[in-house]
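# What the coordinates show
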Amino acid sequence: MKTPFSAPLLKLGLFSAFLCATAFFVSVAAGCKKHTTEQQNPDDTLEVKTWDVIGQENYAPLPHIKRESFLPKDAKPWAGTVSHHLLAGDIIDQWFKELAQTRNVKTFFIICPSHWGLSVHEWSLGNIIWKTKYGPVYSASQKVHDIASSLNVQIENQVYPVEHGINTLIPFIAKHFPNAKIVPIALKHPEPPLNQRDAQTLYKTLAPYFSSREREENFLLISTDFAHHGNYEGTVFKDTRSREFFKAPGQNTWIFCGCDNRPGIYALGHIMNSQTKATITHHTNSYEISGLDENDITSYFFSFFY
């Protein structure tokens, strides 16, 4: 498969997390000025510079990846799934652009895997100021502390300087939603077998933030990649099964999703009701994008729920 950009560039995008681990700059924010009315606690706030600031803006246009479908004109999405691989950065950008055309978001609740074994608790929340080239993006400090209290965990900022499950997405949020705030939740055990009790706890904790009224301001963003480490045929097989969730999203179909964020999908599937519909805007994989590593493929579903 021919692609419009070089193999080294693609490898950089697919493994951007490794670059983040070696090139990030972190400092404790002291006496930072308020930019909103929400109270910011300077004692537990951490500054993180994102990939676009530290010279890792390395994704390329993907004209050969075709859109699968569009949101209905009257749809007001309140949740979605997005890849956290910068290899798919062009599609991530398109996804956030489309969301911004349909609604404003005051707070993104981003659920992602905790990739690097840095989480102490089952759920790692962070009180972060991300520095992007579009300006700073702040954690929704009060919500972060409220949820941490509900889950009976402490703030774990140490997870976030190298957590690409969140950091890959932040510059796109800064670009398309410059006033939005973030509730980041990294999951210590995101993959099978699912701990039903913990998944239920996460769902019940998040549910009050996604009532019909609260959805006007909040957005549930499941940062996840789907099939992992297979060949093309195996990836197609797994993704065909995952599609069953998107065809009829709900409490009885979340289990079909083969992804690296099972508790997040569980919570999403239980928060929604029987009227919830899904639109898949793009479905692709690392091999289709890059032409590389045909026996080590990761797949991506970009979707909206409304």
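First things first, this report covers the structure right here in the doc. (Residues numbered from 1 in each chain as written. Predicted model: local features only at pLDDT ≥ 70, side-chain atom pairs only at ≥ 80, totals over all residues. Heavy atoms only, no water.)

In this structure, Trp95, Phe96, Phe108, Ile173 and Leu221 are the most contacted members of the largest nonpolar core, which totals 41 residues. With 5 residues, helix 3 (residues 89-102) is the single largest residue contributor to this core. (Core = buried A, V, L, I, M, F, W, Y, C linked by side-chain atoms within 4.5 Å. Buried < 20%, exposed > 50% of the residue type's maximum accessible area, 1.4 Å probe, protein only. Helix = DSSP H or I, 4+ residues; strand = E, 2+ residues; numbered from the N terminus.)

Unfilled space is identified by rolling a water-sized probe across the atoms. Within the structure shown, the criterion is met by 5 cavities of 30 Å³ or more. The space that makes up the largest cavity amounts to roughly 80 Å³. Glu122, Trp123, Leu187, His189, Pro193, Leu194, Asn195, Asp198, Ala199, Leu202 and Pro263 together form the lining of the largest cavity. Per element, the largest residue contribution to the lining of the largest cavity is 3 residues, and it comes from helix 7 (residues 196-206). (1 Å grid on protein atoms, 1.4 Å probe; cavity = no way out; pocket = protein on both sides within 12 Å on 5 of 7 lines; lining within 4 Å. Points joined across faces, edges and corners; volume = space filled by probe spheres on them.)

Where helix 4 (residues 141-151) meets helix 7, the axes come as close as 10 Å, and the angle between the chain directions of the two elements is 140°. In terms of their interaxial angle, helix 4 and helix 7 are classed as oblique. At the point where helix 4 passes helix 7, the crossing takes the right-handed sense. Contacts between helix 4 and helix 7 pair Ile147, Ser150 and Leu151 from the former with Thr201, Thr205 and Leu206 from the latter. Taken together, the residues that form the contact of helix 4 with helix 7 break down as 3 nonpolar, 3 polar and no charged. (Axes fitted to C-alpha atoms, helices over the stretch in contact; angles between N-to-C directions. Parallel < 35°, antiparallel > 145°, perpendicular 65-115°, else oblique. Left-handed = near helix turned anticlockwise from the far one by under 90°. Contact = heavy atoms within 4.5 Å. Nonpolar A, V, L, I, M, F, W, Y, C, P; charged D, E, K, R; others polar.)

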